[in-house]
Protein chains: 2
Amino acid sequence: MKATKRIAEATQESLHRIFTIAEAPDSTLGRLEQEMSQNLVGFLNNHIVASKNALTDIEQDFINARIPEQPEFVSDHMHHLLDKLVAQSVHTSSPSFIGHMTSALPSFILPLSKLMVGLNQNLVKVETSKAFTPLERQVLGMMHNLVYQHDDVFYKNWMHSAEHSLGAFCSGGTVANITALWVARNKLLKADGDFRGVAREGLHRAMRHYGYQDLAILVSDRGHYSLKKSADILGIGQENVIAIPTDEHNKIDCQKLADKCQQLAAQNIKVLAIVGVAGTTETGNIDPLDKIAEIAQQNQCHFHVDAAWGGATLLSNKYRPLLKGIEQADSVTIDAHKQMYVPMGAGLVIFKDPASVSAIEHHAEYILRKGSKDLGSHTLEGSRPGMAMLVYSSLHIISRPGYEMLINQAIEKAEYFADIIHQHDDFELITRPELCLLTYRYAPKSVQALLARNDDEANKSVNMLLGKLTKFIQKRQREDGRSFVSRTRIEVSRYGGEKVIVFRVVLANPLTTKEILQGILQEQCQLAQESEQFLPELLQAAK
Amino acid sequence: MKATKRIAEATQESLHRIFTIAEAPDSTLGRLEQEMSQNLVGFLNNHIVASKNALTDIEQDFINARIPEQPEFVSDHMHHLLDKLVAQSVHTSSPSFIGHMTSALPSFILPLSKLMVGLNQNLVKVETSKAFTPLERQVLGMMHNLVYQHDDVFYKNWMHSAEHSLGAFCSGGTVANITALWVARNKLLKADGDFRGVAREGLHRAMRHYGYQDLAILVSDRGHYSLKKSADILGIGQENVIAIPTDEHNKIDCQKLADKCQQLAAQNIKVLAIVGVAGTTETGNIDPLDKIAEIAQQNQCHFHVDAAWGGATLLSNKYRPLLKGIEQADSVTIDAHKQMYVPMGAGLVIFKDPASVSAIEHHAEYILRKGSKDLGSHTLEGSRPGMAMLVYSSLHIISRPGYEMLINQAIEKAEYFADIIHQHDDFELITRPELCLLTYRYAPKSVQALLARNDDEANKSVNMLLGKLTKFIQKRQREDGRSFVSRTRIEVSRYGGEKVIVFRVVLANPLTTKEILQGILQEQCQLAQESEQFLPELLQAAK
């Protein structure tokens, strides 16, 4: 009984402590924090161990489903986190981690995030966010301006209007895409006569009322998987996301798009939205947005641009023309946590028409009352953190010309990497970079010569073997932990549209040097030699 | 030309600096960070000014939609943020901010969030999260265990299984509720014979195949607005969320629920899900979950519990019985950023059946490949931050008994506040706390006596006047900025179910003292006196 009381008292005391007093700077946590503030890259280098532990081994450290019955000291817990979590996490900001779109972060982000977390605002309503609400509206305005370039009067009229919104801030691009298509669906199937609209009556009644056979979402076969997810969630069905073939530059074939629209119209299938991709996930290419806009116009359907990754290119005056036509889109998705160097959790969808969001408006008694400026009345999410502050600060501290430099340098670095891959005897460049993304594979000169004979049957088996080799190299490289490229499977027109497995590289980290890129090719050559099965077989075939 | 070059060089230099070197500890940002680390409450007290600025005034500071053409120094920007943003934000962690569910944060959260942000993992896939993936799976396991209390063998089998998941980590409760109902919809309208399932073919074909007249979601009239939002998004329609009346304790009337189910069955309307509420947003009450489970069982429909707010009560052995029956739910929503004292952005949905998530599985070529343990294959969101780490750390550092203390004390504090409101001549307690939430209003003794006469006609106009007075007091109190309660409009059975406007109080902050609560009543009495119109009219009427 006495022991129970003692434990209770100790717990009580520790509770009071953790809500009032911070860690002393000389505690483990305080020390680590300081170390991190002073040199994030150094801290990560020291603590993220390039361990070859398999995931199944790591899982052994995270196996207990019981909630602890005893409080742990903060310092002890911190040691545990360092050993078991940090040491085995991924060094996403490493200059040789060039496989995904997760960005390195500018150093000012860390203290600002701490401020954001400490303020713990909830953006769903003004009562828990106050100045954060106009700040988020301004960020949406700036991003709207980046896409649509309206004059100051436009933003004066709409940016802070209670009944309007220039977009919605989201946790990421998937929620942004869902939100855009949700708006498109609700606008298309709006109230009409006795019918009270899809939002109120549901999709099957809407379809009955409007008499469509089906709805369709059209996007190139390079569209992101979140579009199928959106179609599933919104009740439209994944199969109604229709993949339009791409040309040899991975851009949508506009003739085929137009033909498909006509064909669907003849079948009484209504095109809900055409989605243009500005920066495909797998090859980094940009659809001809201006031509898509025309086709969308002709077919009177919503035109959405998924610029989750490539949208930041608009900040570069030099490369902005690649996205020509984006200003005709009804909605645009841009992820700030990709090429805008903001931490994970910052996506946006921007709407051309400030009244669009009325299609998805929701109200409640305790918040989001009509006429309020609460942002939560037109977001998919409810409670949300003040991430918009980090976008706001980045736009001010880096500024447009700063972003332009980051973007231009990334593209030029990708061009350099493409050049050295192309010149290298043992590598085959698969897709040239249009933005800072490219794909390639390891393929010895003799094997490339074999492929060049265009013998379909032979190429099939060579490509299959090359695929196995690519997988082998990529996996080993990832496990070694010094550098990282990702891999994917894409259709390659020079092989008759056959799907081949390739390395995929995203060169967004400003600290990645030419030497690092050269080193990555060297490392991959070495790893290829270690493949005891695939490489010898390939070389044999190419003899 | 020379100037342009100089600007370019300066920008280049500053870019390199911001990606490599952190702020010196004696810079503005460094100083503020240190101040914040050492005493968060003090920092917030010093910097969040109780300004009476109206929102429209604050908006003037956030009016420019142009993206800056010149980079700003980090220190300058920090001063700007302090003046314009921090000073005008809401002191959510103040012990006298008792109006919403946004929590005060334990001090260890700040340095840990910085670590989380610095690591910038992306939980969509193992390749960008590594140990964070098993960590998140463990957190889902612990929360599953909290609800369902299975044995260790169960968690050994399912917690880290690639084809299964015990839940989905989300940005918040709304996404959690949508996910739960998405699973329910896709399981109900699954593939069957020639029909390939709602996920692939869409909702209107599913309805045609299964021949239902409509779908319905049943929840008490205290259900959260996110359920209507979910029904809209999922294509079910807001009007098909059917509100079942509550009893005088704001709990669903189970007889009426059962009757409605029968009535709907007779109309060929399929009940997709019954939703039990564990902690209503407006009154904090818990539905009789065990009885709802029985009805759901009889009607063979999905039973979801929205415990976004009240779910943390399961951590208290003393109050856990209030949620009896939750272990029969097919899915449960719990927000860690509410009563688990984790910062904004941490919601969870837990599934009883580890195979449930297969109903919403998505794959892609570059990630989420079949058989991978990538968490993104069954979450609504795509890229996501490592917020699960903060839940993990809180569960370890605070531990279950620590949470129990926090929860028990909060409930007992609410009971104390209810008592002093009840004893006070000039206040009327509207709803007693079951958890740490209660509602009340200012109503002078004589006015309460008038209401007690039960003259419907008179009460209507008195309640309307009291509503205006409540709004007046709440608004003034919020603007004065020393303390904050929220307000809502709820049906009150003692006034024949009339909707009245009330103050709403959530007592989750462990630093809120009895003295603060007494002070809030005092402040409200004073503010009432300042109402030059409503109070005199009320007193006149009560004469």
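Residues numbered from 1 in each chain as written. Chains lettered and ligands numbered in written order. Predicted model: local features only at pLDDT ≥ 70, side-chain atom pairs only at ≥ 80, totals over all residues. Heavy atoms only, no water.

Draft legend 1. The arrangement of the overall build of chain A in detail. Regarding its fold elements, chain A presents 19 helices and 11 strands. Here the C-alpha atoms of chain A give a radius of gyration of 26 Å, agreeing with the 24 Å that 2.2 N^0.38 yields for 543 residues. Reported as C-alpha extents along the three principal axes, the dimensions of chain A are approximately 80 × 70 × 50 Å. By residue count, 66% of the 543 residues in chain A fall in the buried class. By sequence separation, contacts in chain A at least 24 residues apart represent 70% of the contacts at least 6 residues apart. Summed over all atoms, the accessible surface of chain A reaches about 19200 Å², with 49% contributed by carbon and sulfur. (Helix = DSSP H or I, 4+ residues; strand = E, 2+ residues; numbered from the N terminus. Rg over C-alpha atoms; globule rule 2.2 N^0.38 Å. Buried < 20%, exposed > 50% of the residue type's maximum accessible area, 1.4 Å probe, protein only. Contact = heavy atoms within 4.5 Å. Areas by Shrake-Rupley, 256 points an atom, 1.4 Å probe, with all protein chains shown as cover.)

Draft legend 2. Quick look at the sheet that holds strand β9 (residues 437–442) of chain A. Residues and elements named next belong to chain A. Here 4 strands make up an open sheet; going across it, the order is β8-β9-β11-β10 and the pairing antiparallel. Looking at strand neighbours, the two that pair on one side only are β8 (427–431) and β10 (486–492), the edges of this open sheet. Ignoring strand direction, the axes of neighbouring strands in this sheet form an average angle of 45°. In this structure, β10 lies alongside strand β11 (residues 498–506), joined through 7 bridges in antiparallel fashion. Bridging from a neighbouring strand, R487 pairs with F503 of β11. Packing of helix α17 (residues 456–480) onto the sheet brings it into contact with β9, β10 and β11, and relative to β11 it is tilted by some 30°. (Pairing = 2+ DSSP bridges. Axes fitted to C-alpha atoms, helices over the stretch in contact; angles between N-to-C directions.)

Draft legend 3. Region of interest: the domain arrangement of chain A. All names here are of chain A. Partitioning chain A into structural domains gives domain 1 (1–89), domain 2 (135–385) and domain 3 (400–542). Using only C-alpha atoms to locate each centre, domain 2 and domain 3 end up separated by 33 Å. Between domain 2 and domain 3, the residue contacts involve 26 residues of the former and 23 residues of the latter. Summed over both partners, the interface of domain 2 with domain 3 buries about 2200 Å², with 55% contributed by carbon and sulfur atoms. Of all residues in domain 2, E282, L315 and Y341 bury the most surface against domain 3, accounting for 26% of the area lost on that side. Counting across the domain 2 and domain 3 interface gives 2 salt bridges. Notably, a salt bridge pairs E434 with K251, separated by 2.7 Å at the nearest N-O pair. Applying the counting rule to domain 2 against domain 3 returns 15 residue pairs in polar contact (both at pLDDT 80 or more). Looking at the side of domain 2 that touches domain 3 residue by residue, the classes come out as 8 nonpolar, 12 polar and 6 charged. (Domains from an automatic or database assignment. Buried area = accessible area lost by both parts, 1.4 Å probe. Salt bridge = Lys/Arg side-chain N within 4 Å of Asp/Glu carboxyl O. Polar contact = N/O pair within 3.5 Å; in protein donor to acceptor, adjacent residues only side chain to side chain. Nonpolar A, V, L, I, M, F, W, Y, C, P; charged D, E, K, R; others polar.)

Draft legend 4. The relation of the copies chain A and chain B, seen in detail. Screw-axis analysis of chain A against chain B gives a translation of 0.0 Å along the axis, an RMSD of 0.0 Å, and a rotation angle of 180°. Here the two chains are linked by the operation of a two-fold rotation axis. Both copies present the same face, since 99% of the interface residues in chain A are matched by interface residues at the equivalent positions in chain B. (Least-squares fit on C-alpha atoms with pLDDT ≥ 70 in both.)

Draft legend 5. Just the pairing of strand β11 (residues 498–506) of chain B, in detail. Residues and elements named next belong to chain B. When you tally the buried positions in β11, you get 8 out of 9 residues, the bulk of the element. Pairing between strand β9 (residues 437–442) and β11: 4 bridges, direction antiparallel. In the sheet register, T439 faces β11, and the bridge partner there is R504. The hairpin formed by strand β10 (residues 486–492) and β11 contains 5 residues between the paired strands, and G496 there has a positive phi angle of roughly 60°.

Draft legend 6. Representation of the side chain of H144(A). All names here are of chain A. Tracing the chain through its elements places H144 in helix α7 (residues 132–148). Using a relative accessible area of 0% as the deciding quantity, one classes H144 as buried. Side-chain polar atoms of H144 contact the backbone oxygen of F351, separated by 3.0 Å. If sequence neighbours within four positions are ignored, H144 has contacts with Q149, H150, F154, Y155, L166, I350, F351 and K352.

Draft legend 7. Highlighting helix α15 (residues 388–423) of chain B. Residues and elements named next belong to chain B. Helix length check: α15 (36 residues) gives 44 Å between terminal C-alpha atoms against 52 Å at 1.5 Å per residue, more than 12% under. In the structure, α15 departs most strongly from a straight axis at S399, where the bend amounts to approximately 80° and where the proline P401 lies between one and four residues downstream. Of all 36 residues making up α15, 30 are buried, and the element is well covered by its neighbours. (Expected span 1.5 Å × (residues − 1). Bend = angle between axes of the 7 residues up to and from the residue.)

Draft legend 8. Region of interest: the packing of helix α15 (residues 388–423) of chain A against helix α5 (residues 74–84) of chain B. Running from amino to carboxyl end, α15(A) crosses α5(B) at an angle of 140°, the nearest separation of the two axes being 10 Å. By the angle class used here, α15(A) and α5(B) are oblique. Where α15(A) crosses over α5(B), the handedness of that crossing is right-handed. On the side of α15(A), the interface is formed by M389(A), Y392(A), S393(A), H396(A) and I397(A), while α5(B) contributes V74(B), H77(B), H80(B) and L81(B). Split into classes, the residues belonging to the contact of α15(A) with α5(B) amount to 5 nonpolar, 4 polar and no charged. (Parallel < 35°, antiparallel > 145°, perpendicular 65-115°, else oblique. Left-handed = near helix turned anticlockwise from the far one by under 90°.)

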